[in-house]
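Survey of secondary and tertiary structure
So the chains spell out like this:
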Amino acid sequence: MRFLTKVREQNPLIHNITNMVVTNFTANGLLALGASPFMADSHEEVADIAAMAGAVSLNIGTLNPHSIKAMTLAGQAANAHGIPVILDPVGAGATPYRTATTHRLVSDVRLTALRGNAAEIAHVAGEPWAIKGVDAGQGAGNAIQLARQAAHKLSCIVIATGKEDIVTDGATTFLIANGDPILTKVTGAGCLLSSVVAAFLAVAGDQRLEAAAEAVSFYGVAAEIAAARTKGQGPGSFQIELLNQLSLAGEEQLNRMSAITPVPDSAG
Amino acid sequence: MRFLTKVREQNPLIHNITNMVVTNFTANGLLALGASPFMADSHEEVADIAAMAGAVSLNIGTLNPHSIKAMTLAGQAANAHGIPVILDPVGAGATPYRTATTHRLVSDVRLTALRGNAAEIAHVAGEPWAIKGVDAGQGAGNAIQLARQAAHKLSCIVIATGKEDIVTDGATTFLIANGDPILTKVTGAGCLLSSVVAAFLAVAGDQRLEAAAEAVSFYGVAAEIAAARTKGQGPGSFQIELLNQLSLAGEEQLNRMSAITPVPDSAG
Amino acid sequence: MRFLTKVREQNPLIHNITNMVVTNFTANGLLALGASPFMADSHEEVADIAAMAGAVSLNIGTLNPHSIKAMTLAGQAANAHGIPVILDPVGAGATPYRTATTHRLVSDVRLTALRGNAAEIAHVAGEPWAIKGVDAGQGAGNAIQLARQAAHKLSCIVIATGKEDIVTDGATTFLIANGDPILTKVTGAGCLLSSVVAAFLAVAGDQRLEAAAEAVSFYGVAAEIAAARTKGQGPGSFQIELLNQLSLAGEEQLNRMSAITPVPDSAG
């Protein structure tokens, strides 16, 4: 049985401390998928919520000192209870404040996974990389090698998304060729993916790398179906259809369309 | 004439202090309905806005000390001017902080109405009840009796939503069988209902219980139409069609589909 | 070549400090248009982001002391680098706090453009005008004369939107007859327009007035197409189609449908 089906059977509670742009889209995406979103960033309760969650999803898209402290409290409570934590370092490298904040977060909280584009991953891991704004920065470097190095350095799963997506724990690496370019026209498409990965991690048991890879592939499959169904209609229609497909797509679609390739050790 | 038509004729200003997940959906839902949403939580102006509003809608979904103080200031200003106030105690019982906050709010602000699921109502009124996250907690207890007790204890209208919805002031009780299960797949569907009730309270005169019951029924009718029109399409399409139907559905649909049943005193 | 095409070729980074109701819609609208939205309001980084942006869009819809300081820091950084700044004074006049805040902002930050309805413009410029809530207040006064006076007083482009839209720098004035009334049923339709104007200002060079007029007209054309395609469907469908058309509509549609009329000096 797929992790996808486990998510739908177990409806894991996902505690999100995310940015103000994507709260609604993230919550609707998780509901569509079959998870139970809980958005809360009050210092008075984040540790309580993280402790009862299936996974915690942190996102610095509109960070400020208050939200960063909330993320730290939630992340540490999750750590204390063995609950998976994923960080989405939105715009790391775009400003000194973002870069410094991600360095502090990865030092204060033990991450299960880190999800960003190659430039963001590079900045969190302390490698130079070009970036413009929060959506760009594909760069030219070897993304697979970068992701592996970051996974070693940060001792966590690294998910570097781009034209193709990389999921690695440093030892084992998967290359995933699902998704559609129109995802870049929907704000929070990456942020929602991070929370979808959190939902899969919540039901992963000790197969976290496999669950993360399936999450990335499933999200890409849902996007491919949505893009095909709304071809030529524009990003508004695609956004709505993506929510639909996160609910409608299942194991059958995943079995047929999932494009996950193991990367040999020598490659990359 | 229905309260629905009065809302559309009077376009009441509804002051919302709500959570960061649902601000956009709530504002669009109120606009679709025919009301005038005003979202504002700055301590410097909430009393001014509440004082000129037709009703005030408070929601603790992403509460923090700042927003709670804003809710208190707005609620007290509304009280001073005889303006209806509704509270949506999202997640009451999920954390000690939420439960304590709702107790303080109902002590500091005189509510016209309280809208939540049975578990949330129970926690605000001080009854034990199971809860998981903010969306679940249907529980097994007698929801009608609970709602009546809460209405007596809190001296306000209580709206307990679930498979069927209960609207009661403790003396008179209505059971409402409108709505559709897909509402649980849209974040903020309950929060928007609370603000829709606020809009009906704003035009209710002294018929607040009847207006609240009509609001709950109308919202359910709009959801039923939207669910039928988007059958099999998924929660993204339903969400958009719900906004459409909050605008398009009228007295004709309400007369034909509304399912409000008075509950005899001895029942429940 | 149209400014529209320049926006799509240059993908300017637009730094938005806007209200919590419209962050998602604004970001999606800018992405659909072809710009790169960046939402950030942390005092620690707003000056850095504004300094690398193509334009800065400020919006007081859910203002508070923290966000106002962020707007001031971002606006002043933009001023220091010659980067265009647009202000959307949502609800100016609705409360003393909003009016006072806009007066402080226009004193602390040199605006390139001010975009609001006639009532909001009047309050920022210090003229009496009727207002109810944040969406109403069309008033009966001479909006063209008001916009010109405000442009002189504030030394910036003034965009007064209503049944017809006025774009003026005080000397040259355009009247724009694009758009559709259903825009008033979508929350943040005006806020998004302000950020769309910012995107056009970012590629305007020294033709800022012409670029602002084209932005207003293009937004109205996209709305007209969206309204025609979703006729009778309701505001939910319109909202999604507006995002679609901000992406799909191009120079061809603009050339055919744009309705910009220069207003003679003696008129108004």
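The name an unreviewed UniProt entry assigns to chain A is Hydroxyethylthiazole kinase, from the organism Paenibacillus zeirhizosphaerae. Here is the UniProt Function (unreviewed entry) comment for chain A, exactly as written: "Catalyzes the phosphorylation of the hydroxyl group of 4-methyl-5-beta-hydroxyethylthiazole (THZ)." For the record of chain A, the UniProt heading Sequence similarities (unreviewed entry) holds the text "Belongs to the Thz kinase family."

As a further point, take the interface of chain A and chain B. Listed as interface residues are 26 residues of chain A and, on the opposing side, 30 residues of chain B. Buried area between chain A and chain B, both sides added, is near 2200 Å², and the carbon and sulfur share of it is 58%. Across the chain A-chain B interface, the total number found is 1 salt bridge. At the boundary of chain A with chain B, the tally comes to 9 residue pairs in polar contact (both at pLDDT 80 or more). Where the side of chain A that touches chain B is concerned, the elements lending two or more residues are helix H2 (23-33), strand E2 (36-39), helix H3 (46-52) and helix H10 (235-248) of chain A. By residue number, the principal contributor to the side of chain A that touches chain B is H2(A), which donates 6 residues.

Residues and elements named next belong to chain A. Within the structure shown, the criterion is met by 16 salt bridges over all chains. Asp88 is the salt-bridge partner of Arg115, the closest N and O atoms lying 2.7 Å from each other. You can see Arg115 sitting in strand E5 (residues 113-117) and its partner Asp88 sitting in strand E4 (residues 85-88), a full 27 residues away along the chain. There is no split in this pair, since Arg115 and Asp88 are both buried. Between Glu241 and Arg229 there is a salt bridge, with the nearest N and O atoms lying 3.0 Å from each other.

Residues and elements named next belong to chain A. Inspection of the entire model under this criterion finds 3 aromatic pairs over all chains. Taking the centre distance of 6.3 Å and the plane angle of 35° together, the rings of Phe200 and Phe218 count as tilted. Of this pair, Phe200 sits in helix H8 (residues 189-202) while Phe218 is found in helix H9 (residues 208-229), placing the two residues 18 residues apart along the sequence. Neither Phe200 nor Phe218 differs from the other in exposure class; each is buried.

We now examine the interface of chain A and chain C. Contacts between the two partners involve 30 residues from chain A and, on the opposite side, 26 residues from chain C. On the surface where chain A and chain C come into contact, there are 1 salt bridge. In this structure, the salt-bridge partner of C:Glu45 is A:Arg98, at a minimum N-O distance of 2.7 Å. Sorting the residues of the side of chain A that touches chain C by element identifies helix H5 (96-108) and H10 of chain A as the ones contributing at least two each. Sort the elements by how many residues they give to the side of chain A that touches chain C and H10(A) lands first, with 5 residues. For the side of chain A that touches chain C, the class distribution of residues is 13 nonpolar, 13 polar and 4 charged.

It is worth spelling out the side chain of C:Thr99 at this point. Considering the arrangement of structural elements, one finds C:Thr99 in helix H5 (residues 96-108). Within the structure, C:Thr99 has its side chain in polar contact with the backbone nitrogen of C:Gly93 (distance 2.9 Å).

What follows deals with the relation of the copies chain A and chain C. Here chain A sits on chain C after a turn of 120° about the axis and a move of 0.0 Å along it, with an RMSD of 0.0 Å. A rotation of that kind, with that shift, is consistent with a three-fold axis. Across chain A, the rotation axis passes nearest the C-alpha of A:Met20, at a separation of 3.9 Å. Little of the interface of chain A is mirrored in chain C, where only 3% of its interface residues again form contacts.

Moving on to the relation of the copies chain A and chain B. Of the transformation superimposing chain A on chain B, the axial component is 0.0 Å and the angular component is 120°, with the fit at an RMSD of 0.0 Å. Mapped onto chain B, only 4% of the interface residues of chain A again fall at the interface, so the copies present different surfaces.

Moving on to the sheet that holds strand E6 (residues 157-161) of chain B. Strands pair in a sheet through their backbones, by hydrogen bonds, and they do so in one of two ways: parallel or antiparallel. All names here are of chain B. Spatially, the 9 strands line up as an open sheet ordered E2-E1-E3-E4-E5-E6-E7-E8-E9, and their pairing is mixed. The sheet is open, and its two borders are formed by strand E2 (36-39) and strand E9 (260-263), each paired with just one other strand. Strand after strand, the sheet turns through a mean of 20° between neighbouring axes, direction not considered. Across 5 bridges, the pairing between strand E5 (residues 113-117) and E6 is parallel. By the bridge assignment, Asn117 is partnered in E6 with Thr161.

All names here are of chain C. The strand order across the open sheet formed by 9 strands is E2-E1-E3-E4-E5-E6-E7-E8-E9, and the pairing between neighbours is mixed. In this open sheet, the two strands that pair with only one neighbour each are strand E2 (36-39) and strand E9 (260-263). Each neighbouring strand pair of the sheet contributes to a mean axis angle of 20°, computed without reference to strand direction. Here strand E1 (residues 13-17) runs beside E2; their pairing, made up of 4 bridges, is parallel. Bridging from a neighbouring strand, Ile14 pairs with Pro37 of E2. Relative to E2, helix H2 (residues 23-33) is tilted by about 155°, and along the sheet it contacts E1 and E2.

Procedures and definitions
- Residues numbered from 1 in each chain as written.
- Chains lettered and ligands numbered in written order.
- Predicted model: local features only at pLDDT ≥ 70, side-chain atom pairs only at ≥ 80, totals over all residues.
- Heavy atoms only, no water.
- UniProt positions renumbered as here; feature names shortened; annotations may be inferred.
- Contact = heavy atoms within 4.5 Å.
- Buried area = accessible area lost by both parts, 1.4 Å probe.
- Salt bridge = Lys/Arg side-chain N within 4 Å of Asp/Glu carboxyl O.
- Polar contact = N/O pair within 3.5 Å; in protein donor to acceptor, adjacent residues only side chain to side chain.
- Helix = DSSP H or I, 4+ residues; strand = E, 2+ residues; numbered from the N terminus.
- Buried < 20%, exposed > 50% of the residue type's maximum accessible area, 1.4 Å probe, protein only.
- Phe/Tyr/Trp six-rings, centres within 6.5 Å; stacked < 30°, edge-to-face > 60°.
- Nonpolar A, V, L, I, M, F, W, Y, C, P; charged D, E, K, R; others polar.
- Least-squares fit on C-alpha atoms with pLDDT ≥ 70 in both.
- Pairing = 2+ DSSP bridges.
- Axes fitted to C-alpha atoms, helices over the stretch in contact; angles between N-to-C directions.

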